[in-house]
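# Per-entry structural report
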Amino acid sequence: MVGVVTFWETFIGVDNPIYIGDIWANTIRPLGGTHLFYVDQQGIGTPSIDASIVSKTYSTFQEVLDDNPDATYVFLEAERSIPKGTDFTYLKDFVHPKEDVIYVFGKDSSDVFTENLPLEGNHVVSITTNDNLVLWSLITVGIVLYDRKVK
């Protein structure tokens, strides 16, 4: 399994969050993603996704952890949002787990460290950007899965 967790949220001006769900699925599938897990804390609703990818919606991130206890988690975060003293690796140096991995992308409206993260035995990874700017989660997932594919 190569899974991806995204936090399902909507913003002013986003009229159809379900359509954005299709964009997530169509981004991860060609790059080797097999599972797409949505955390829907706002109660937006479950998107319907093509059956060629496994998808599931959870109300909380803890439910993802409880449902996938044996997976290795890779938490993607902008360097400026990683708490001081937290060990992390830059993506260019990261060795991806071979299987049973779930990549976790934070909310576009906040960082992944707002959740209770089990860091022991898992990884925190950051992508170097100009001026330490933050990338949209959807852009980050494409970069990370491409990096996994070519390495």
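This text gives an overview of the structure that appears in the document. (Residues numbered from 1 in each chain as written. Predicted model: local features only at pLDDT ≥ 70, side-chain atom pairs only at ≥ 80, totals over all residues. Heavy atoms only, no water.)

The subject of this paragraph is the overall build of the chain. Each helix and strand in the chain was counted, giving 3 helices and 7 strands. Along the chain direction, N to C, the helices and strands of the chain fall in the order β-α-β-β-α-β-β-β-β-α. In the structure as shown, the chain presents an accessible area of about 8100 Å², 50% of it carried by carbon and sulfur atoms. (Helix = DSSP H or I, 4+ residues; strand = E, 2+ residues; numbered from the N terminus. Areas by Shrake-Rupley, 256 points an atom, 1.4 Å probe, with all protein chains shown as cover.)

The subject of this paragraph is the nonpolar core. Judged by nonpolar contacts, the single largest core of 22 residues is most densely connected at Val4, Leu36, Tyr103, Phe105 and Leu145. Of all elements in the fold, only strand S1 (2-7), helix H1 (17-28), strand S2 (35-39), strand S4 (72-76), strand S6 (101-105) and helix H3 (137-150) reach the threshold of two or more residues within this core. Leaving out residues up to four positions away in the same chain, Tyr103 has contacts with Val2, Gly3, Val4, Val5, Val74, Leu76, His96, Pro97, Val144, Leu145 and Arg148. Among the nonpolar cores identified, the runner-up in size contains 18 residues, and Phe61, Tyr73, Leu117 and Val124 belong to it. (Core = buried A, V, L, I, M, F, W, Y, C linked by side-chain atoms within 4.5 Å. Buried < 20%, exposed > 50% of the residue type's maximum accessible area, 1.4 Å probe, protein only. Contact = heavy atoms within 4.5 Å.)

Our next topic: the sheet that holds S4. Across a sheet, strands are paired by hydrogen bonds formed along the backbone, either parallel or antiparallel in direction. Strands sit in the order S3-S2-S1-S6-S4-S7-S5 across an open sheet of 7 strands; the sheet is parallel. Lying at the two open borders of the sheet, with one neighbouring strand each, are strand S3 (54-58) and strand S5 (89-90). Here S2 runs beside S3; their pairing, made up of 5 bridges, is parallel. Its bridge partner lying in S3, Leu36 is registered against Ser55. Each of S1, S4 and S6 touches H3; the most contacted strand, S6, lies at about 150° to it. (Pairing = 2+ DSSP bridges. Axes fitted to C-alpha atoms, helices over the stretch in contact; angles between N-to-C directions.)

Turning to the packing of aromatic side chains, a few remarks are in order. To describe a pair of aromatic rings, you give the distance between the ring centres and the angle between the ring planes. Taken as a whole, this structure holds 7 aromatic pairs when the rule is applied. Seen in terms of ring centroids, Phe37 and Tyr58 are 5.9 Å apart; in terms of plane orientation they differ by 65°. Their pairing is edge-to-face. Highlighted residues: Phe37 in strand S2 and Tyr58 in strand S3, separated in sequence by 21 residues. Per residue, the accessibility class of Phe37 equals that of Tyr58, and both read buried. Three or more aromatic residues joined by ring pairs make a cluster, and in this case those are Phe7, Phe61, Tyr73 and Phe75. (Phe/Tyr/Trp six-rings, centres within 6.5 Å; stacked < 30°, edge-to-face > 60°.)

Another point: the layout of surface pockets. Volume-wise, the largest pocket comes out at about 330 Å³. As for the largest pocket, its lining consists of 24 residues, and the residues nearest its centre are Glu77, Ala78, Val134, Leu135 and Thr140. Those elements that provide at least two residues to the lining of the largest pocket are strand S7 (123-126) and H3. Taken together, the residues of the lining of the largest pocket sort by class into 10 nonpolar, 9 polar and 5 charged. (1 Å grid on protein atoms, 1.4 Å probe; cavity = no way out; pocket = protein on both sides within 12 Å on 5 of 7 lines; lining within 4 Å. Points joined across faces, edges and corners; volume = space filled by probe spheres on them. Nonpolar A, V, L, I, M, F, W, Y, C, P; charged D, E, K, R; others polar.)

This part is about unusual backbone geometry. Note: most peptide bonds trans; most residues except glycine with negative phi. At Asp131, a position not held by glycine, the phi torsion is positive, near 55°. Here Asp131 lies in the loop between S7 and H3. The class for Asp131 is exposed, based on a relative accessible area of 72%. At Asn132, a residue that is not glycine, the phi angle is positive and equals roughly 55°.

Okay, the pairing of S2 next. Burial within S2 is extensive, with 5 of its 5 residues counted as buried. Burial along S2 is two-sided: the residues His35, Phe37 and Val39 and Leu36 and Tyr38 are all buried. For S1 and S2, the ladder comprises 5 bridges, and the chain directions are parallel. Looking across to S2, one finds that Val4 is bridged to Leu36.

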